[in-house]
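Architecture and fold: a report
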Amino acid sequence: MLVPLIFLLGTGPVAAQPTALVGPTALNPADSTVIENATVLLDGNRIAAVGPSGEVEVPVDATVHEMPDRYVMPGLVDGHVHFFQSGGLYTRPDVIDLRAERPYAEELRRIKKRLPDTFRRYLRSGVTSVVDVGGPMWTLDVRARADTAARAPTVATAGPLISSVERPSLDEGDPPILQITTPEAARKEVRDQIMAGVDLIKIWYIVGGDETPADYRPVVEATVDEAHNAGTRVAVHATELETARAAVEAGADILVHSVSDQPVDDAFVRLLQENGVLYTPTLMVSERYRETFAQQLDLTTAEHHIGHPDVTGSLFDLRTLPDSLVPAGLRQRIEQAPTVASDTTAMRNLMRLHDAGVSIAAGTDAGNIGTPHGPALFREFELMRTAGLAPQEILATATAGGARLLGRDDLGRLESGMQADLVVLDENPFADITNVSSIHRIVKEGRVYPPTQLIPRTPTAVVQQGANAFNAHDLGGFLDAFAPDLEVYAHPDSLIMEGRSALREQYASTFQTANQLRVEVHHTAPIGTTVALHETIRGMPETEPLEQIVLYRVTEGAIDRVWLVQEE
């Protein structure tokens, strides 16, 4: 069957012809409904019907996608992202100042240039909507671009953060964070942002030194009052219990992070219940900062597979940057290679609030160092599972919960009349939350996309995934770059390894014991389906650095042939 060119390009109006997804198991996390052998009928950008296949009439002119043994559910919502940040090492000079290596203006230029790619990586991850909870005013342009692009998530956005502190290193003429110290200035900023068209107002409620939450509360109260008078909700960054309590008492609608300094108390739980506050845990973001700064990154295979390879690769630059740029404490931590523990206080607080019926909306804080745009939700889901939530409960926070955060009553449920944002999976996510990454198809406003149509597996990207996972000592992500029938040769034709299983056997223990093992890529040269790398492997026990040329042949998105050419 030929597909119209306008559909392949992903531009123009949605085709009037209806579409039917026939045979999958339909999952509705909002109420845990399961319909086996279902048919989901799409009409334009809406769901026209959902039900058992014997009860849903498929029009004769419909495009039919047979999907037996698949699972279809609403598209995911990441309720906390920042498009002005890349997820890479150079994106927060206020946290670690590496502007001597990459000027912040250059980092922003790259972020803006990559936006269409970033949009597609969200869709490739099954994330069909996101909430940007604060950044420069140009974030409104990001929303506008997403609104007019077929291959982009739905975007809601806040403007610059109204903040108790300043961050001058992030100011390149359109600052993402504004230090505002008086109620009058806060009211004016709220009015200006609402006039510009923001969807939310965001407060960065940071309490430091000898301060208390009461010191900044007049500004918070004025911000909330002015926003509510205009019918706009307010989201607040407040990670300490007393700061979060003050924010909610002042009228905050959304807490965009977990309380992580101490267990929440009964009064706080009642406060959130009584005020209908949305709680976004963002369990992974602090973990990823700590992992990056210890060079002990534990990325999911999906993050290696879907995340932007250049951004992921930058996270390992701390090992090779000059000592003049890397603080001595960080360098010492890297050498010690400590185990990075998850935030159990935040997890316990999430579980307590969830059990008390507080509304939860999943979010990752994507864009921060180590938290990639697109697939970050998969790690967030793992941490929510560790906290104690069941798969259906986790998915409800990223579908119905996300829709509530967006303020949309036509998203987040698999029902007739909803916007046709769906994800089709190969495996059942209700049985195992990690199955949510087994993406077969993505549906955005009625258009059906195979994953490779959104993010092709180019030879260069596949090879870089292998290098990134090697540096992360991530066996799953490393093996994911190779084909089962892999053959490795000493150039030109001496076979030295056969099969991906042999690769697993070689590196399973090496990755665990060789803490300083890494590959430095000096030059990359793609030649058709083959990629030539000039690389040096360092950190092998009792072995000198190994400099070599390696040829990688990529077939159908995986490395199936490798030729090693060691330099004399």
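Quick look at the structure, then. Worth saying up front: this structure is predicted, and the values here are computed from it rather than measured. (Residues numbered from 1 in each chain as written. Predicted model: local features only at pLDDT ≥ 70, side-chain atom pairs only at ≥ 80, totals over all residues. Heavy atoms only, no water.)

A word on the overall build of the protein
- Broken down by element type, the protein carries 20 helices and 26 strands.
- The C-alpha atoms of the protein give a radius of gyration of 24 Å, which matches the 24 Å a tight globule of 568 residues would have.
- The principal-axis extents of the C-alpha atoms in the protein amount to approximately 75 × 70 × 40 Å.
- Per-residue burial over the protein gives 57% buried out of 568 residues.
- Considering only intrachain contacts with a sequence separation of at least 6, the fraction spanning at least 24 residues in the protein is 67%.
- As displayed, the protein offers around 22700 Å² of accessible surface, 48% of which is attributable to carbon and sulfur atoms.
- Of note, the protein has its 47 positive side-chain charges centred 3 Å away from the centre of its 78 negative side-chain charges. (Helix = DSSP H or I, 4+ residues; strand = E, 2+ residues; numbered from the N terminus. Rg over C-alpha atoms; globule rule 2.2 N^0.38 Å. Buried < 20%, exposed > 50% of the residue type's maximum accessible area, 1.4 Å probe, protein only. Contact = heavy atoms within 4.5 Å. Areas by Shrake-Rupley, 256 points an atom, 1.4 Å probe, with all protein chains shown as cover. Lys, Arg positive; Asp, Glu negative; His and termini not counted. Charge placed at Lys NZ, Arg CZ, Asp CG, Glu CD.)

Observations concerning the pattern of salt bridges
- Applying the stated criterion to the full structure yields 34 salt bridges.
- A salt bridge links R217 to E221; the shortest N-O distance between them is 2.9 Å. One end of the pair is R217 and the other is E221, both in helix 6 (residues 213–229) and 4 residues apart, which spans about a single turn.
- The partly exposed category is assigned to R217, whose relative accessible area is 22%.
- A salt bridge links D560 to R553; its shortest N-O distance comes to 2.9 Å.
- Looking at D560, the relative accessible area reads 6%, which means it is buried.
- Classification of R553 by relative accessible area gives partly exposed; the value is 28%. (Salt bridge = Lys/Arg side-chain N within 4 Å of Asp/Glu carboxyl O.)

Some details on the pairing of strand 25 (residues 546–555)
- For strand 24 (residues 530–538) and strand 25, the ladder comprises 8 bridges, and the chain directions are antiparallel. Within the sheet, the bridge partner assigned to T536 lies in strand 25 and is E547.
- Following strand 25, the chain reverses through 2 residues before pairing antiparallel with strand 26 (residues 558–566); E556 in that reversal takes a positive phi of roughly 50 degrees. (Pairing = 2+ DSSP bridges.)

With respect to the side chain of K444
- You can see K444 is positioned in strand 19 (residues 439–444).
- In this structure the side chain of K444 is engaged in a polar contact, spanning 3.0 Å, whose partner is the backbone oxygen of T128.
- At a separation of 2.7 Å, a polar atom in the side chain of K444 contacts the side chain of T154.
- With sequence-adjacent residues up to four places away left out, K444 is seen in contact with L123, T128, S129, A150, A152, P153, T154, Q419, A420, D421 and Y449. (Polar contact = N/O pair within 3.5 Å; in protein donor to acceptor, adjacent residues only side chain to side chain.)

Details of helix 13 (residues 344–355)
- Between its first and last C-alpha, helix 13 extends 16 Å over 12 residues, near the 16 Å set by a 1.5 Å rise per residue.
- Among all positions in helix 13, only T345, A346, M347, N349, L350, M351, L353 and H354 are buried.
- Buried-residue contacts for helix 13 involve helix 8 (266–275), strand 16 (278–279), strand 17 (359–360), helix 14 (376–387) and helix 15 (391–397).
- The opening residue of helix 13 is D343, an N-cap whose side-chain oxygen sits 3.2 Å from the backbone nitrogen of T345.
- Phi turns positive, to about 90 degrees, at G357, one or two residues after helix 13. (Expected span 1.5 Å × (residues − 1).)

Quick word on the packing of helix 13 against helix 14
- In the contact formed by helix 13 and helix 14, the axes pass within 9 Å of each other and the chain directions differ by 70 degrees. Taken together, the axis directions place helix 13 and helix 14 in an arrangement best described as roughly perpendicular. From helix 13, M347, L350 and M351 reach across to helix 14, where they touch L383, M384, T386 and A387.
- Taken together, the residues that form the contact of helix 13 with helix 14 break down as 6 nonpolar, 1 polar and no charged. (Axes fitted to C-alpha atoms, helices over the stretch in contact; angles between N-to-C directions. Parallel < 35°, antiparallel > 145°, perpendicular 65-115°, else oblique. Nonpolar A, V, L, I, M, F, W, Y, C, P; charged D, E, K, R; others polar.)

Comments concerning the pairing of strand 8 (residues 76–81)
- Among the 6 residues of strand 8, 6 are classified as buried, and the element is accordingly described as predominantly covered.
- Relative to strand 9 (residues 127–132), strand 8 runs parallel, the two sharing 4 bridges. Following the sheet pairing, V81 is matched in strand 9 by D132.

Let's talk about the sheet that holds strand 2 (residues 25–28)
- Spatially, 3-2-7-18-19-20 is the arrangement adopted by the 6 strands of the open sheet, whose pairing is mixed. Here the strands that pair on one side only, and so sit at the sheet edges, are strand 3 (33–35) and strand 20 (447–449). Strand-to-strand, the axes of this sheet are offset by a mean angle of 20 degrees, without reference to chain direction.
- Alignment of strand 18 (residues 422–425) against strand 19, held across 4 bridges, turns out to be antiparallel. Bridge assignment links V423 to a residue of strand 19, and that residue is I442.

Regarding helix 18 (residues 459–472)
- The end-to-end C-alpha distance of helix 18, which contains 14 residues, comes to 20 Å, matching closely the 20 Å that a straight helix rising 1.5 Å per residue would cover.
- For helix 18, a buried count of 10 out of 14 residues is recorded, marking the element as mostly surrounded by other parts of the structure.
- Taken together, the buried positions of helix 18 are occupied by V462, V463, Q465, G466, A467, N468, A469, F470, N471 and A472.

Observations concerning the side chain of T530
- For T530, the position within the fold is in strand 24.
- We classify T530 as buried; its relative accessible area is 19%.
- Ignoring sequence-local partners within four residues, the contact set of T530 consists of A525, L551, Y552 and R553.

Some remarks on the nonpolar core
- By size, the foremost hydrophobic cluster in this structure holds 94 residues, and its most contacted members are L255 and F381.
- The element contributing the most residues to this core is helix 14, with 7 residues.
- Setting aside chain neighbours within four positions, we find F381 in contact with L76, A362, I394, L395, A398, I433 and V436.
- Judged by nonpolar contacts, the second largest core, of 27 residues, contains A469, F470, I537 and V562. (Core = buried A, V, L, I, M, F, W, Y, C linked by side-chain atoms within 4.5 Å.)

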